[in-house]
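Structure at a glance
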Amino acid sequence: MIFLSRILICLVFALLSPLVLAHNPPLKFDPQRNALNDVMTAQNLAKTTGKHVLVDVGGEWCPWCRMLDQFIASQPQIMTFIDSHYVWVKVNYSADNKNTAVLSRWPKVRGFPYLLVLDGDGKLLHSQGVQGLETEAENEADENYDPNRVMTFLRRYASAEKVPAQRH
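Description of the structure in this document. None of these values were measured; they are calculated from a predicted model. (Residues numbered from 1 in each chain as written. Predicted model: local features only at pLDDT ≥ 70, side-chain atom pairs only at ≥ 80, totals over all residues. Heavy atoms only, no water.)

Right, let's talk about the environment of Phe81 for a bit. Mapped onto the elements of the fold, Phe81 is located in helix α4 (residues 76-85). As for Phe81 and Met151, which are separated by 70 residues in sequence, their C-alpha atoms are 8.3 Å apart. When sequence neighbours within four positions are dropped, the list of residues in contact with Phe81 reads Tyr86, Met151, Leu154, Arg155 and Ala158. (Helix = DSSP H or I, 4+ residues; strand = E, 2+ residues; numbered from the N terminus. Contact = heavy atoms within 4.5 Å.)

Taken as a whole and judged by the stated rule, the model has five aromatic pairs. Where Trp64 meets Tyr145, the ring centres are 5.5 Å apart and the plane angle is 90 degrees; that geometry is what we call edge-to-face. A residue pair is termed long-range when its members are at least 10 positions apart, and Trp64 in helix α3 (residues 63-73) and Tyr145 in the loop between β4 (124-129) and α6 (147-156) qualify at 81 residues. A ring pair is formed by Tyr93 and Phe112, whose centres lie 5.0 Å apart and whose planes are at 25 degrees; its orientation type is stacked. Of this pair, Tyr93 sits in the loop between β2 (86-92) and α5 (100-103) while Phe112 sits in the loop between α5 and β3 (114-118); the two residues are 19 residues apart in sequence, bridging distant segments of the chain. Tyr93 gets classed as partly exposed once you look at its relative accessible area, which sits at 26%. An aromatic cluster of three or more residues is present, and its members are Trp61, Tyr93 and Phe112. Over the aromatic face of Phe29 sits the side chain of Lys90, whose NZ or CZ is 4.1 Å from the ring centroid. Residue placement shows Arg155 over the ring face of Phe81; its charged tip is 6.0 Å from the ring centre. (Phe/Tyr/Trp six-rings, centres within 6.5 Å; stacked < 30°, edge-to-face > 60°. Buried < 20%, exposed > 50% of the residue type's maximum accessible area, 1.4 Å probe, protein only. Lys NZ or Arg CZ within 6 Å of the ring centre and 35° of its normal.)

Turning to the packing of α4 against α6, a few remarks are in order. Packing of α4 against α6 leaves a shortest axis separation of 11 Å and a crossing angle of 10 degrees. Taken together, the axes of α4 and α6 are roughly parallel relative to one another. Each of Gln77, Ile78, Phe81 and Ile82 in α4 lies in contact with α6, whose residues at this interface are Pro147, Val150, Met151, Leu154 and Arg155. Partitioned by chemical class, the residues of the contact of α4 with α6 number seven nonpolar, one polar and one charged. (Axes fitted to C-alpha atoms, helices over the stretch in contact; angles between N-to-C directions. Parallel < 35°, antiparallel > 145°, perpendicular 65-115°, else oblique. Nonpolar A, V, L, I, M, F, W, Y, C, P; charged D, E, K, R; others polar.)

Once that is clear, we can look at the nonpolar core. Leu54, Ile78, Tyr86, Phe153 and Leu154 are the most contacted members of the largest nonpolar core, which totals 21 residues. For this core, the elements supplying multiple residues, two or more each, are α3, α4, β2, β3 and α6. Here this core gets four residues from one element, more than from any other, and that element is α6. (Core = buried A, V, L, I, M, F, W, Y, C linked by side-chain atoms within 4.5 Å.)

As a further point, take α3. Structurally, the α-helix is built with 3.6 residues per turn, so residues lying three or four positions apart point the same way. Three or more residues of α3 are buried, namely Cys65, Leu68, Asp69, Phe71 and Ile72. One side of α3 holds all its buried residues, which, seen down the axis, span an arc of 165 degrees. Structural note: α3 exposes Gln70 and Ala73 on the side pointing more than 90 degrees away from its buried face. At its buried positions, α3 is contacted by β1 (52-58), α4, β2, β3 and α6. (Arc of directions from axis to C-beta.)

To continue, consider α4. Of the residues making up α4, those classed as buried are Ile78, Phe81 and Ile82. Each buried residue of α4 sits inside an arc of 100 degrees when the element is viewed along its axis, so together they form one side. Where the residues of α4 are buried, they touch α3, β2 and α6.

On their own, these measurements won't tell you what the molecule is for.
Right, dumping it as structure tokens:
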């Protein structure tokens, strides 16, 4: 029985490995990437793995977008949660490439970074800017993302059973 379990685990790993390896999200917003293809790849991987897609819309020109990336990279518990529950995909929005082919599918982006949560079929579950994920600081220079608020957001939309009504 143990032998069969090990074979089954190896078979599942072998079948899922190409999907995981095929999704290699960019570390930065890249106007040269095919955002529509990236989102479709993320959806397929999400559907196969039972995760949701976290679409991060922004650009390298955006200081808050870079700050969000740095924040997530500095928070191992948040990065682990994202990896466990989401397929994270970046969609560039810049003068070089506004990615209208993919962004026109969803509510208008109202600031950057902008986050959208999709299910594996591409259904929009939630969309929002990051205003509610920041710390409350009196001095704007001291503002940053709040780990508790970010985790609350991520937990709220991590599972299909608990997704509230869509917000625009």
